Structure formats: C-alpha cells, structure tokens
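# Chain and residue survey
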Amino acid sequence: MKNSFYAQDRISNFLSPNKISIGTGAAKQVGIESKALGGKKALIVTDPGVVKAGLIDGIQESLESEKVRTGIFDRVIAEPPARIIDEGAKIAREQGYDIIIGVGGGSSLDAAKGASIMAINKGKVLDYAGMDLVTKKGLPMILLPTTGGTGSEVTRVFVMTDEAENTKKVVYSNFNLADVAIIDPLLTVSMPSVVTADTGIDALVHAIEAYVSVNATPFSDILAIEAIGLIAQNLPAAYAKGGKVEARYNMALAASLAGLAFMSGGLGAVHGLAYVLGTQYHMSHGRSNAIMLPHVMDYNRIGNLDKYAQIANAMGEDKQGLSNYEVAGKSVDAVRRLLAAVNISIHLPDYGIRKGDLPKLVEGGMKQARLFVPNPRDLTKEDVERIYEMAF
Ligand SMILES: [Fe+2]
C-alpha cells in the first residue's frame with residue numbers, strides 16, 4: 001500500500017459518530033449508553049422483520065435493566081417514505097420519548113435519523129431534503145445495524161422516498177451522525193444469505209468508489225483499502241455459513257469502515273448507474289450496485305491504474321512480474337469471482353431487463369450525472385450506453 005497521500009494541497013475532512021462500539025455482544029451496552037446520554041424513555045425505530053427475527057428483545061432488556069422505558073415503532077419499510085419518518089417523529093414528540101434507538105438495515109437506521117431530527121425540528125422531513133438545511137440537533141440517537149452493508153450507522157446522510165414525486169430524496173446533515181453506533185455481529189447472524197451477499201457487495205462498492213474517487217482523502221484511503229480486503233476475505237464465508245461469527249464481525253467492521261470512507265471520499269458512477277435499476281426495476285440497492293460494479297470498474301480502471309492495482313492486491317491477487325495495467329485489470333477479475341461466489345449475476349437479462357430498455361437505462365443513468373464528477377474517468381452519454389451494454 002502506498003504510504004503517502006497525493007493531493008496534499010487539498011483540505012480533507014473526516015466525520016464520524018461521536019462514539020463507535022464494536023464487539024460480539026456489544027448490543028448489551030445499549031442500556032448503559034442510553035442512560036449516559038440522559039435517556040429515560042427510548043423509542044426503538046425498526047421494521048417488522050427485525051422484530052420477527054427476535055433482535056429487539058435483548059435490546060429492550062438492556063434498556064429496561066438500566067430503568068430506561070421503551071416503546072417500539074416498527075412501521076419502517078424499504079426506502080422509507082417520508083410520511084413514515086414524520087409519523088415516527090410525531091410519536092416521539094407527542095409521547096415524550098427522549099432518545100431514539102435505530103435497529104435494522106439501512107432503511108430502519110435512516111428512518112431513525114429522520115425521526116431524531118424531526119422530533120425537534122419544525123415542519124415535515126421533506127422540507128429538509130438537501131445539504132445542511134437542518135437547524136437543530138435532534139433527540140440523542142444510538143444506531144445498531146443488523147446488516148453488514150449500508151454503513152448508515154456511521155454516516156451523516158439518510159435517504160427517503162418522496163411519494164408525491166416518486167423519487168428518492170437525501171438529507172445531508174451533521175445532526176444525522178449518531179451519538180453512539182453499536183456494531184454487534186450477533187445482530188447480523190440471522191441475515192438470509194441473499195441479503196448477506198447484496199448488502200456485503202454494497203459495502204464493497206462504497207469502499208471501492210471512495211478509494212478511486214477524485215475526492216479521496218487520506219482518511220478514506222486508509223479505511224477503504226482495509227474494508228476491501230476484509231470483504232474479499234470474509235464475504236464468501238459469511239454467505240456460506242451465516243452463523244460464522246468471525247466472518248460476520250469482519251463484515252460488520254468492513255461495512256462501517258466503508259461507510260466512514262465514502263463519507264470522507266464520496267461515491268461514483270456505480271451508484272449513479274445502479275440507481276435506475278433500483279427505481280425502475282425494484283431491485284435492492286445492494287443488488288443493483290453489484291450488477292454495475294465490474295462493468296464500471298472495467299471502464300474506470302485506466303483513470304487510476306495505481307489504485308485499481310492496489311485493489312487487486314488487497315483482494316489477494318498476485319502482482320509478480322505484471323505491469324500496473326495488468327494488475328489493475330485483475331481487480332475486475334477478483335470482483336467478478338467474488339460476485340460469482342455469492343451467486344450474483346451481473347447480466348441484466350437475468351433480471352428480466354431487455355435490450356429494448358437500453359434508452360430508458362441511459363436516460364436514468366444520465367440523471368445521476370452528479371455522481372460522475374468524483375468518478376476517476378469522465379463519462380459521456382455514449383460511455384454510459386456502452387457500460388450498460390456490457391451488462392447485457
Ligand atoms: Fe450504497
């Protein structure tokens with residue numbers, strides 16, 4: 001790994017939750033942490049799947065053992081509509097909750113962030129879509145991820161659906177940062193293998209996009225390359241044997257490192273081109289990113305041969321006697337093999353998408369052109385079309 005950061009004249013920022021606790025059984029600390037934040041009545045924001053999996057019981061026990069009363073708001077659904085967030089916030093406000101505990105995958109943690117700020121700030125959550133429009137810190141907030149993917153527990157963003165406009169809206173605010181993120185691999189062992197694969201690859205995309213981004217920082221570089229190695233090493237094992245706690249620990253760690261990395265370094269064209277697959281074909285966020293990842297890497301790699309070579313290296317590829325160009329190409333091979341190992345097809349026809357849909361895909365991809373700015377290689381409309389074509 002290179003030990004000197006190139007763009008030293010650029011000022012870099014790094015943001016994170018106030019505290020991150022990680023370890024097997026760490027969720028048992030939630031009661032003590034809530035009490036330390038002054039919480040007396042905690043609203044647990046989650047979804048029905050998490051409740052059904054029995055993941056809330058231990059958390060409630062921990063809270064109640066510290067004399068923190070609890071209530072559960074479990075109406076979160078995937079890509080949470082703004083009205084659900086407003087509903088959670090209303091309950092928090094009207095029933096006197098003084099701390100928010102988010103438990104779940106990206107959608108539940110995002111809804112928890114929204115409920116926290118909207119319990120204090122006036123109006124509707126959609127009023128705050130955009131960059132730094134939230135004026136007041138919300139209720140204290142603890143976030144516990146149950147997937148090894150989105151990294152939402154460590155980021156300052158949340159995504160919601162604007163149902164009236166049928167689009168996703170994003171709220172960027174430092175008030176979305178958790179007071180405490182608690183990362184407990186035991187919360188992730190019951191994840192079905194397909195969710196393990198999709199969310200694990202989402203984390204890999206975060207790490208790779210942050211690493212090759214033109215906005216990469218010394219912080220994002222260190223975190224991203226570590227996350228890439230951890231995911232390559234541990235995702236197949238976590239996928240193959242869900243109860244393997246060591247693999248789950250490493251995936252949970254990697255997802256958080258990748259989240260911190262993209263918070264500092266940004267994302268790129270994989271997220272840009274995947275977006276339309278999620279909205280038009282109702283694929284999970286992780287799956288749509290997984291499909292686009294190797295195709296975008298193949299296109300991008302000449303934009304930063306050094307870094308793609310480092311990715312290959314981190315994923316265990318041998319570089320002996322090879323040029324940087326050849327090693328960079330091996331990063332794409334390594335990702336293709338990893339996707340095959342976790343049974344993810346990277347071909348759009350396997351998802352019922354036909355060649356005739358290409359113009360629709362290109363149009364959708366071009367709408368996300370803001371994500372092409374940090375991408376290591378420029379993209380024209382023709383390039384976007386070529387990348388989607390590779391996926392057929
Ligand atoms: Fe993502």
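Residues numbered from 1 in each chain as written. Predicted model: local features only at pLDDT ≥ 70, side-chain atom pairs only at ≥ 80, totals over all residues. Heavy atoms only, no water.

## Comments concerning the coordination of the iron ion
- Those protein atoms acting as donors to the iron ion are Asp202 (OD), His206 (NE2), His271 (NE2) and His285 (NE2), and they sit at 2.1 to 2.3 Å.
- Taken together, the four donor atoms coordinating the iron ion span angles of 88 to 165° at the metal, a pattern that classifies the geometry as irregular.
- Donor residues for the iron ion, ordered by position in the chain, follow D-x3-H-x64-H-x13-H. Taken together, the residues span a long stretch of sequence, with Asp202 in helix 6 (residues 193-212) and His271 in helix 9 (residues 269-281) at a distance of 69 residues. Taken as a pair, Asp202 and His271 share a single burial class, namely buried. (Donors = N, O, S within 2.8 Å, 3.2 Å for Na, K, Ca; no water. Tetrahedral: all angles 85-135°; square planar, octahedral: opposite > 155°, others 65-115°. Helix = DSSP H or I, 4+ residues; strand = E, 2+ residues; numbered from the N terminus. Buried < 20%, exposed > 50% of the residue type's maximum accessible area, 1.4 Å probe, protein only.)

## A few points about the nonpolar core
- With 70 residues, the main nonpolar core has Ile201 and Met292 as its most contacted residues.
- Sequence-distant contacts of Ile201, defined by excluding residues within four places in its chain, comprise Leu235, Ala290, Leu293, Leu338, Leu339 and Ile344. (Core = buried A, V, L, I, M, F, W, Y, C linked by side-chain atoms within 4.5 Å. Contact = heavy atoms within 4.5 Å.)

## Comments concerning empty space enclosed by the protein
- Evaluated as defined, the whole model comprises one cavity of 30 Å³ or more.
- In this structure, the largest cavity occupies an estimated 60 Å³ of space.
- Lining the largest cavity are 14 residues, and of these Glu209, Val212, Val270, Asn300 and Tyr308 sit closest to its centre.
- Contributing elements (two or more residues each) for the lining of the largest cavity: helix 6 and helix 10 (285-300).
- Looking at the lining of the largest cavity, the element that brings in the most residues is helix 10, giving four residues.
- A breakdown of the residues in the lining of the largest cavity according to their chemical character gives 10 nonpolar, three polar and one charged. (1 Å grid on protein atoms, 1.4 Å probe; cavity = no way out; pocket = protein on both sides within 12 Å on 5 of 7 lines; lining within 4 Å. Points joined across faces, edges and corners; volume = space filled by probe spheres on them. Nonpolar A, V, L, I, M, F, W, Y, C, P; charged D, E, K, R; others polar.)

## Quick word on the domain arrangement of the protein chain
- With domains assigned, the protein chain is organised as domain 1 (19-187) and domain 2 (193-390).
- Listed by partner, the interface residues are 19 residues for domain 1 and 21 residues for domain 2.
- Note on domain 1 versus domain 2: buried area summed over both sides is about 1,500 Å², and carbon and sulfur give 69% of it.
- Of all residues in domain 1, Gly148, Lys168 and Pro185 bury the most surface against domain 2, accounting for 28% of the area lost on that side.
- Between the two partners, domain 1 and domain 2, sit zero salt bridges.
- Within the residue set of the side of domain 1 that touches domain 2, elements represented by two or more residues are strand 1 (19-22) and strand 8 (167-172).
- Top contributing element to the side of domain 1 that touches domain 2 by residue count: strand 8, with three residues. (Domains from an automatic or database assignment. Buried area = accessible area lost by both parts, 1.4 Å probe. Salt bridge = Lys/Arg side-chain N within 4 Å of Asp/Glu carboxyl O.)

## Some remarks on the layout of surface pockets
- Roughly 170 Å³ of volume is contained in the second largest pocket.
- Gly25, Ala27, Lys28, Gly54, Leu55, Gly58, Ile59, Glu61, Ser62, Asp184, Leu186 and Leu187 together form the lining of the second largest pocket.
- Considered class by class, the residues forming the lining of the second largest pocket number five nonpolar, four polar and three charged.

## Things to note about the side chain of Asn375
- Within the secondary structure, Asn375 sits in the loop between helix 13 (358-366) and helix 14 (381-390).
- Polar contacts involving the side chain of Asn375 include one to the main-chain carbonyl oxygen of Arg377, which spans 2.8 Å.
- Non-local contacts of Asn375, meaning those with residues more than four positions away in its chain, are made with Val214, Gly268, Ala269 and Asn300. (Polar contact = N/O pair within 3.5 Å; in protein donor to acceptor, adjacent residues only side chain to side chain.)

## Some thoughts on the packing of aromatic side chains
- As enumerated under the stated definition, the model contains one aromatic pair in all.
- Lying across the ring of Tyr97, Lys41 places its NZ or CZ 4.6 Å from the centre.
- Directly above the ring of Tyr299 sits Arg377, whose terminal nitrogen or CZ lies 3.9 Å from the centroid. (Phe/Tyr/Trp six-rings, centres within 6.5 Å; stacked < 30°, edge-to-face > 60°. Lys NZ or Arg CZ within 6 Å of the ring centre and 35° of its normal.)

## Considerations on the pattern of salt bridges
- This model, assessed by the stated rule, comprises 15 salt bridges.
- Linking Glu66 and Lys35 is a salt bridge whose minimum nitrogen-to-oxygen distance equals 3.7 Å. Of the two residues, Glu66 is situated in the loop between helix 3 (55-65) and strand 3 (69-73) and Lys35 in helix 1 (residues 30-36); the sequence distance between them amounts to 31 residues.
- Here Glu66 falls in the partly exposed class, since its relative accessible area comes to 22%.
- Measuring nitrogen to oxygen at the nearest pair gives 3.3 Å for the salt bridge that ties Lys169 to Glu165.
- In the salt-bridge network here, residues are joined through shared partners; they are Asp162, Glu165 and Lys169.

## Observations concerning the sheet that holds strand 2 (residues 41-45)
- Taken in spatial order, the six strands make up an open sheet running 1-9-6-4-2-3, and their pairing is parallel. Two strands lie at the open edges of the sheet, namely strand 1 and strand 3, each paired on one side alone. Sheet twist, expressed as the average angle between the axes of neighbouring strands with direction ignored, equals 20°.
- The pairing of strand 4 (residues 99-104) with strand 6 (residues 141-145) spans five bridges and is parallel. Residue Ile100 lies in a different strand from strand 6, and its bridge partner there is Met141. (Pairing = 2+ DSSP bridges. Axes fitted to C-alpha atoms, helices over the stretch in contact; angles between N-to-C directions.)

## Describing the environment of Ile225
- Looking at the secondary structure, you find Ile225 in helix 7 (residues 218-240).
- Sequence separation between Ile225 and Ala314 is 89 residues, and the spatial gap between their C-alpha atoms is 6.8 Å.

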